[in-house]
Amino acid sequence: MTNSAATPILEVRDLVKHFKQVHAVNGLSFDVRPGTCFGLLGPNGAGKSTTIEICEGLLTPTAGTVRYKGEPLGPKYRERVGIQFQSTALQDHLTVIENLRFFSALYPVRRPIDELIALCRLEDFLDRDSKKLSGGQRQRLLLAIALVNDPELLFLDEPTTGLDPQARRNFWDLVTDIKAAGRTIVLTTHYMEEAYLLCDEIVIVDHGRIIAQGVPSQLLAEHFNDSMLEVPAAEAHKIAATGLTGLAKGETVEIQTADVNAAVAALLAGGVSLAQLRIRPRTLEDLFIELTGRGLRE
Amino acid sequence: MKAMFRRIAAATWARSLEFVRDRSSLGWNLVFPILMVIGLAFVFSGPGQPLFKVAVIAPSDAKLDASLHPFLGTPQVQFYREDTLAAALPKVQRHRIDLLVDFTAQSPHYWVNTQSPKGQLLERLITGSGGAALVREETTGREIRYVDWVAPGILGMNMMFACLFGIGYVIVRYRKNGYLKRLNATPLRAVEFLIAQLLSRLLLILVVNIGVFAACRLLLDLRMEGSYLDLLVVVALGAFSMIAMGLVVSARLASEELAGGILNVLSTPMMVVCGVFFSMDGSPRALQIAADLLPLTHLLSAARAIMLDGAGLAQLGYPIAAMAAMSALYLSLGALLFKWRQD
């Protein structure tokens, strides 16, 4: 694990949050090490947003503690951290630069606005009404707003939900830059690819509890020693004869195998067309299904 | 401290930009009251009330009917009680009432405005009523046109809507769409946010209404006896108290429909009982007490006293104190009840 010796920048212990009828968080504990990207993963309703809002100091937990650099979250905490919500409305009729200046004025320590503009690549639409931004531009503005106080710790709550793939990749580049500058990031997402690419450590949360925790690649190595072959569903009838087990999944049939070479040879021998064969390593999504028996977006 | 002022200034500026750039709403705020004043001046170009109205100063145990004096039994005349000569006499002079009778003096008096035809007509009724002779007192004074009297009412009413809805809706919308939640994640404190909303609204309402007032004064030659500065002070205080009232309504709600309903429940009675269109002199006591609890009543009475009678701030202690007390009460309530996010 990265930086395992360093003191955690954020320590979460035995966190519990009950709303009237709902037990949103049921005893979560984790540490976030400085300079890393920490991912909270889970399906909708798993308790990710509640957990992150408690860590942001915006919600009071029913029980448990959150400590920032070893101290309880005090009144100054809000001045030090950066927060990007899943969805945030801004004031109508304000331009991008006006929004930046406004939020910047609220903080005692401020990062120069020119730097924020360059970092989040806002140059091309500085004078545009923030209502008229595309999804990706808007998320970049919200990220810049989260960075106006030059925070050491940055919370991103599902920052790429609803973005097109291109905009999502651009956003990942920004997050990578911020991480490279030594900032700590706590990220929630239900995109496994995003978590795999960005996060140094993840916890997978379901029903308010942690069901897996660790470095993404190590977690996958611990749970899986096989790969997944995908062939078109049209070839399904030929698979039975090869001795392999296929699992129909929409337009494709998935075949789990620990020995890719042997499995491909068996498919060839069985006359299965390999024209559209896909071989992929196991993903966090597979892990989630393995652990819960459900898909992430259910 | 400096940081606090910077946060308040930034939030005030941001909110003001938003309002000024919302051209449809700004236009509506400017044009609507002018059209309304002109329209009403046209429709009510005659005297506002059809009845004859006579003020009576009498011992508190006396009933205002023919038993006090046969004149008080005259049909088609509305008799109502006034407490002091000082309060009632200017109304005779301004033609707001047609006659004043005082039964508290040793020999009862009545005051008639020699420039008021209705007063002179009523004078003949007194003589013909067959009761004890009343001592005649004369007074004079130019009639105040209805438009001079109603214009402050309409401007005040319009301002009341702008204060209540302008602040109420905006904060509820901010809460509903999550903007307040975003602000809560910054060092901006609730009371700073509220002050910024209040200041921004107050400044814009003052600017808009100075424009509207100037236009009305030019177009309708409105009467203005007192000092413009005094009027500005009174209007600012009145607007402040009504904006603070809007803050209370918007302290927790996250539904624009519910907020709209509550704001209507507040604004409709103010429109009716605060003396926007007609004087509340002589209306039932309960109604006057209710009116006294509403800031618009005091704003209108003070503004009219300045504009129509040339009163100075020193003479307006009661309405000013009432508006200041209401401002303090509503502002504290609004700040205490305020929540950034919906439950």
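Treat the numbers as computed from the prediction; the structure is a model and nothing was measured.

What counts, and at which threshold
- Just so you know, the residues in each chain are numbered from 1, in the order the chain's sequence is written.
- As a convention, the first chain written is A and the first ligand written is 1, with the rest following in written order.
- Local features in this predicted model are restricted to residues of pLDDT 70 or higher, and side-chain atom pairs are both shown and tallied only at a pLDDT of 80 or more, whereas totals for entire chains, interfaces and linings draw on every residue.
- Excluded from the side-chain calculations are hydrogens and water; all other atoms, namely the structure's heavy atoms, are used.
- Two strands qualify as a pair provided that DSSP identifies no fewer than 2 bridges between them.
- Secondary structure elements are taken from DSSP: a helix is a run of H or I of four residues or more, a strand is a run of E of two residues or more, and numbering for both begins at the N terminus.
- A contact between two residues is defined here by any heavy atoms of the two lying within 4.5 Å.
- As a working definition, buried area equals the accessible area (1.4 Å probe) given up by two parts on being put together, with both sides summed.
- When a carboxyl oxygen of Asp or Glu lies within 4 Å of a side-chain nitrogen of Lys or Arg, that pair is called a salt bridge.
- Pairs of N or O atoms are called polar contacts if they sit within 3.5 Å, as long as, within protein, a hydrogen donor faces a hydrogen acceptor (for residues adjacent in sequence, only side-chain-to-side-chain pairs).
- Each domain's extent was defined by an automatic or database domain assignment.
- We define the nonpolar core as a collection of buried residues of types Ala, Val, Leu, Ile, Met, Phe, Trp, Tyr and Cys that are connected through side-chain atoms lying within 4.5 Å of one another.
- Relative accessibility thresholds used throughout: buried, under 20% of the residue-type maximum; exposed, over 50%; partly exposed, between the two (1.4 Å probe, protein chains only).
- What counts as an axis is a line fitted to C-alpha atoms, over the stretch in contact for a helix, and the angles between N-to-C directions run from 0 to 180 degrees.

Overview of the sheet that holds strand S2 (residues 23-32) of chain A
Residue and element names in this part refer to chain A. Strand order in the open sheet made by the four strands is S2-S1-S4-S5, with antiparallel pairing throughout. The two strands at the open ends of the sheet, each matched to only one other strand, are S2 and strand S5 (71-72). When strand S1 (residues 10-18) meets strand S4 (residues 63-68), the two strands line up antiparallel, connected through five bridges. Of the residues in S4, the one forming a bridge with Arg13 is Thr65.

Section: the interface of chain B and chain A
Interface size, as often reported, equals the accessible area lost upon joining of the parts. Each partner contributes to the interface: chain B provides 23 residues, whereas chain A provides 25 residues. Interface of chain B and chain A: buried area, both sides summed, is about 2,400 Å²; carbon and sulfur atoms make up 57% of it. For Asp92(A), the salt bridge identified is with Arg173(B), shortest N-O distance 3.3 Å. Counting across the interface, chain B meets chain A through 13 residue pairs in polar contact (both at pLDDT 80 or more). Ranked by residues supplied to the side of chain B that touches chain A, first place goes to helix H1 (residues 2-21) of chain B with nine residues.

What to know about the pairing of S4(A)
Residues and elements named next belong to chain A. Two strands pair when backbone bridges link them, and S4 and S5 are joined in this way by two bridges, in the antiparallel orientation. Residue pairing across strands places Arg67 opposite Pro72, the latter belonging to S5. The antiparallel pairing of S4 with S5 creates a hairpin that spans two residues between the two strands, and Lys69 there sits at a positive phi of about 50°.

Details of the domain arrangement of chain B
Residue and element names in this part refer to chain B. According to the domain assignment, chain B consists of domain 1 (2-43 + 145-337) and domain 2 (52-139). The straight-line distance from the C-alpha centre of domain 1 to that of domain 2 is 37 Å. Opposite the seven residues of domain 1 that make contact, domain 2 presents seven residues. Summed over both sides, the interface of domain 1 with domain 2 buries roughly 590 Å², with 37% coming from carbon and sulfur. Considering only the side of domain 1, the residues that lose the most area to domain 2 are Asp281, Gly282 and Asp309, jointly responsible for 69% of the buried surface there. Run the count over domain 1 and domain 2 and you get one salt bridge. Residues Arg94 and Asp309 are paired through a salt bridge, measuring 2.4 Å at the closest nitrogen-oxygen approach. Across the domain 1-domain 2 interface, the total number found is one residue pair in polar contact (both at pLDDT 80 or more).

Details of the nonpolar core
The biggest cluster of nonpolar side chains holds 134 residues, and the ones touching the most others in it are Leu100(A), Phe102(A), Phe103(A), Leu143(A), Leu183(B), Phe193(B) and Leu296(B). The element contributing the most residues to this core is helix H5 (residues 146-176) of chain B, with 19 residues. Dropping the residues within four chain positions of it, Leu183(B) is found in contact with Phe102(A), Phe103(A), Leu106(A), Leu188(B), Phe193(B) and Trp340(B). The next biggest cluster of nonpolar side chains, apart from the first, holds 29 residues, and it includes Val12(A), Phe38(A), Leu153(A) and Ala185(B).

With respect to the sheet that holds strand S2 (residues 77-81) of chain B
Residues and elements named next belong to chain B. Ordered in space as S2-S1-S3-S4-S5, the five strands form an open sheet in which the pairing is mixed. The open sheet has two free edges, formed respectively by S2 and strand S5 (135-139), since each of these has just one partner strand. Here the average twist between neighbouring strands, direction ignored, is 25°. The sheet contact formed by strand S1 (residues 52-57) and S2 spans five bridges and is parallel. Opposite Val54, over in S2, you have Phe79 as the bridge partner. Helix-sheet contacts for helix H3 (residues 85-93) involve S1, S2, strand S3 (99-102), strand S4 (109-113) and S5, and the interaxial angle to S4 is about 30°. Strands S1, S2, S3, S4 and S5 of the sheet are contacted by helix H4 (residues 117-128), whose axis makes an angle of about 150° with S4.

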